[in-house]
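So the chains spell out like this:
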Amino acid sequence: GDFGFVNQDDWPGLQLAWLYKNIHTYSDELDDVEEFSPDCCCVTFLSVWQILLTIFATLLPVLFIITPFQELIPDPLFEGLLVKSDLEMLVKEIVKNMTHARQNEL
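Because the structure is a prediction, the values reported are computed rather than measured.

Asks: Teacher, can you tell me more about the overall build of the protein chain here?
Replies: Tallying secondary structure elements over the protein chain gives four helices and zero strands in all. In the protein chain, the succession of α and β elements from N to C terminus is α-α-α-α. Counting over 106 residues, the protein chain shows a buried share of 3%. Carbon together with sulfur atoms contributes 66% to the accessible area of the protein chain, which is approximately 10,700 Å² in total.

Asks: Any chance you could explain the confidence of the model for the protein chain here in plain terms?
Replies: Detailed reading of the predicted coordinates is not advisable wherever pLDDT is low. Confidence in the prediction of the protein chain, expressed as mean pLDDT, is 79, and 73% of residues score 70 or more. Taken element by element, the protein chain is modelled with least confidence in helix H3 (residues 76–79), mean pLDDT 64, and with most confidence in helix H2 (residues 40–66), mean pLDDT 96.

Asks: Quick question: what am I supposed to make of the packing of aromatic side chains here?
Replies: What describes a pair of aromatic rings is the distance from one ring centre to the other and the angle between the planes of the rings. In the structure shown here, the tally under the stated rule is two aromatic pairs. Between Phe-45 and Trp-49, the ring centres sit 6.4 Å apart and the planes meet at 65 degrees, which makes this aromatic pair edge-to-face. Linking Phe-45 with Trp-49, this pair stays in helix H2, spanning four residues, or about one helical turn. The class of Phe-45 is exposed, set by a relative accessible area of 51%. Judged by centre distance (5.5 Å) and plane angle (50 degrees), the ring pair of Phe-64 and Phe-69 falls under tilted.

Asks: Would you take a moment to explain helix H1 (residues 13–27) for this structure?
Replies: Turn by turn, an α-helix covers 3.6 residues, leaving residues three or four places apart pointing in a common direction. With 15 residues, H1 extends 20 Å from end C-alpha to end C-alpha; this agrees with the ideal 21 Å at 1.5 Å per step. Of all bends in H1, the biggest is about 50 degrees, found at Lys-21.

Parameters at a glance
- Residues numbered from 1 in each chain as written.
- Predicted model: local features only at pLDDT ≥ 70, side-chain atom pairs only at ≥ 80, totals over all residues.
- Heavy atoms only, no water.
- Helix = DSSP H or I, 4+ residues; strand = E, 2+ residues; numbered from the N terminus.
- Buried < 20%, exposed > 50% of the residue type's maximum accessible area, 1.4 Å probe, protein only.
- Areas by Shrake-Rupley, 256 points an atom, 1.4 Å probe, with all protein chains shown as cover.
- pLDDT = per-residue confidence, 0-100.
- Phe/Tyr/Trp six-rings, centres within 6.5 Å; stacked < 30°, edge-to-face > 60°.
- Expected span 1.5 Å × (residues − 1).
- Bend = angle between axes of the 7 residues up to and from the residue.

Take a look at the structure:
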């Protein structure tokens, strides 16, 4: 459809495919085409990230499967600690201790 970022007119796909297929044939005839080998640092960097992404792609789903999410739910006894007024009082107490401010200054 028309919902796309690049149209057929915008992308020279056929020309690029022809160039990729025939570059070695015609590169000997052209003096300004040079083939460089990639730097060792770049190859190592890409290899390390490929290994890390492969490990993450296999390890994270396994960890998701074996993680006991029901045991991570907070205990009802401790849910009362998360009340907003207690949190505000805790933050004010921390700020008071850090800045040596009096209660009426907060």
